[in-house]
Structure formats: C-alpha cells, structure tokens
Amino acid sequence: MATFNQFQEFEMDILKEIGNIGAGNAATALATLLDKPVDMGVPTVQRVPFEAIAESVGGDESIVAAVYFRVEGEAPGNMFFMMTPEAAKQLLYHFNSEVSCEHLEFTEMECSTISEIGNILAGSYLSSLADFTRLKMFPTVPGFALDMAGAILSYGLLHMSHTADEALLIDTQFLEGQNQVQGQFFLIPDPESFHVIFEALGALYHD
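Predicted model only: the values in this text are computed from it and were never measured.

Trainee: So what exactly am I meant to see when it comes to the side chain of Asp-190 here?
Mentor: By the element assignment, Asp-190 lies in the loop between strand S8 (179-189) and helix H6 (191-206). In this structure the side chain of Asp-190 is engaged in a polar contact, spanning 3.0 Å, whose partner is the side chain of Arg-70.

Written out as structure tokens, the structure is:
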C-alpha cells in the first residue's frame, strides 16, 4: 500500500512549493474577504502519521473549530482545516469588531462565517495541488464542527478505510498587521489515491 513515506525528496519539494503557492492564493482570497491586505507566513509542509493528526492540534480531547469536506475527482480523499477556538474568534474579529474574543461560544452566523472562510482557504490549497498535478480535484460542500479533535476526525473519516497511514499537514499563519492567526490543513487522500498522486508528481518531474 502506497503512503507518503514513499515520497522522494523531489516530490516533497514539489508539495512544499504547492503549499507556498496555495498560501499566496489563500492570502489573496482572505484579503478580498476582509477588504484589507493580508500576508501569509511561509507554511511548513510535512507528513504526519494518521494517529498523530489530533496530537498536531493539541490532542484527541482538545477542542477545535474545524471545517472539513470530501475531495472528489481523480484523487479523492478528505481535507480538514482546524483552528483553536481562540484563533477562530480572532479571525472572526477581523470581519466584525463586535465579535467577543473572550467568550468561546459561537453563534450560528459565526459558525457559517468560519465554514465559508475555511472552505475558501482550503480550496485555495486544493486548487494549487490540482493545478500542479493536473488532476481533477474538487471539494464537496463543507461541514463545520466545534468539538474534540478526535471526535471530529473520527466523524469525518467514518466511511474511510483504516488503511490510511498518513496525512499531509500544512501549518500556516495568517498575518494582518501585527496580528497572527494560525491554522492547520490536513489532506488525507484515500488509500487508492496515493498511487494517483505519485504518478502525477512523477510525470511533473520528468516533463
């Protein structure tokens, strides 16, 4: 069974470049939403074992605000965008200064806004991956949850085979003025999608 462990160095370099381009596209999309300049820090791109995904956001029982959706097309999988509730509130504050960052309860409108933001940002990364690999990949309608990281991951991957070994983690910071908001993207291809992605990256390298 293919996994990200089989990625050669040049393939990881390509994925890092895809992450950089995705960050630029995401920053542009976020700046358009906020109607103000937004920069993004250079994201770190790494492989993480499947069982360590929740640990990357503080552990199974850590409460996170998450946007998740299926990736459909030629390399199906799942994608998650996770933030701490504090980071989510800070991001919402940039849209509406009346948002309270002290209270971590989320209104229905705030949940909808975070879901749309996550959809746009994650979609920027997915589009970059699709453009580079020349694979048809597109997201489904996103879901939003405010819950323990372990519960969200379990729910989002209910239909998926246990043979998934690893995920691609893109850890990035959104910079607006002196403020920083950190979010993490997890791309978890279906097991059969690994081979498709490998072949696409290999073809790109040999072009």
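Next comes the rest of the account.
Trainee: Which parts of the structure should I look at to understand the packing of helix H1 (residues 9-34) against helix H3 (residues 85-95)?
Mentor: Packed helix pairs are characterised by how far apart their axes lie and by the angle those axes make with each other. It is the contact of H1 with H3, at a shortest axis distance of 9 Å, that shows an interaxial angle of 50°. Comparing the axis directions of H1 and H3 gives the class oblique. Of the residues in H3, those touching H1 at Leu-30, Leu-33 and Leu-34 are Leu-91, His-94 and Phe-95. Here the contact of H1 with H3 is built from residues that sort into five nonpolar, one polar and no charged.

Trainee: Before we go on, may I ask you to explain unusual backbone geometry in this structure?
Mentor: Phi at Arg-134 takes a positive value of approximately 65°, unusual for a residue other than glycine. Residue placement: Arg-134 occurs in the loop between helix H4 (108-133) and strand S5 (137-139). Given a relative accessible area of 60%, Arg-134 falls into the exposed group.

Trainee: Got a minute to help me understand the packing of H1 against H4 in this structure?
Mentor: Contact geometry of H1 with H4 gives a least axis separation of 8 Å together with a crossing angle of 140°. Read as a crossing pair, H1 and H4 show a hand that is right-handed. Of the residues contributing to the contact of H1 with H4, the split by class is 15 nonpolar, five polar and one charged.

Trainee: Hey, could you run me through the pattern of salt bridges in this one?
Mentor: Oppositely charged side chains can pair when the atoms bearing their charge come close. Counted according to the given criterion, the structure contains two salt bridges. Where Asp-190 meets Arg-70, a salt bridge forms, and the shortest distance between an N and an O atom there is 3.0 Å. Placement of the pair is Asp-190 in the loop between S8 and H6 and Arg-70 in strand S3 (residues 63-73), with a sequence separation of 120 residues. Looking at Asp-190, the relative accessible area reads 8%, which means it is buried. Looking at Arg-70, the relative accessible area reads 22%, which means it is partly exposed. Across the pair Glu-110 and Lys-89 runs a salt bridge, and its minimum N-O distance is 3.0 Å. Placement of the pair is Glu-110 in helix H4 and Lys-89 in helix H3, with a sequence separation of 21 residues. Comparing Glu-110 with Lys-89 shows no difference in burial state: the two are buried.

Rules used in this analysis
Here, residues in each chain are numbered from 1, in the same order as that chain's written sequence. Given that this is a predicted model, residues contribute local features only at a pLDDT of at least 70 and side-chain atom pairs are listed and counted only at 80 or more, while totals for whole chains, interfaces and linings are drawn from all residues. Values shown for side chains rest on all heavy atoms present in the structure; no hydrogens or waters enter the calculation. Helix numbers and strand numbers start at the N terminus; a helix is a DSSP run of H or I with at least 4 residues, a strand a run of E with at least 2. Two N or O atoms count as a polar contact when they lie within 3.5 Å, although within protein this holds only if one can serve as hydrogen donor and the other as acceptor, and sequence-adjacent residues are included solely when both atoms are side-chain atoms. To get an axis, fit a line to the C-alpha atoms, keeping to the stretch in contact for a helix; angles then go from 0 to 180 degrees between the N-to-C directions. Any angle between 65 and 115 degrees counts as roughly perpendicular, while under 35 counts as roughly parallel, over 145 as roughly antiparallel, and the rest as oblique. In this analysis, two residues are considered to be in contact whenever any of their non-hydrogen atoms come within 4.5 Å of each other. Under the scheme applied, nonpolar residues are Ala, Val, Leu, Ile, Met, Phe, Trp, Tyr, Cys and Pro; charged residues are Asp, Glu, Lys and Arg; polar residues are all the others, including Gly. For each residue, the accessible area found with a 1.4 Å probe, counting protein chains only, is set against the maximum for its type, and the residue is called buried under 20%, exposed over 50%, and partly exposed in between. By convention, the crossing between two helices is left-handed when the near helix turns anticlockwise from the far helix through less than a right angle, and right-handed when the turn is clockwise. Only one rule defines a salt bridge in this text: a Lys or Arg side-chain nitrogen within 4 Å of an Asp or Glu carboxyl oxygen.

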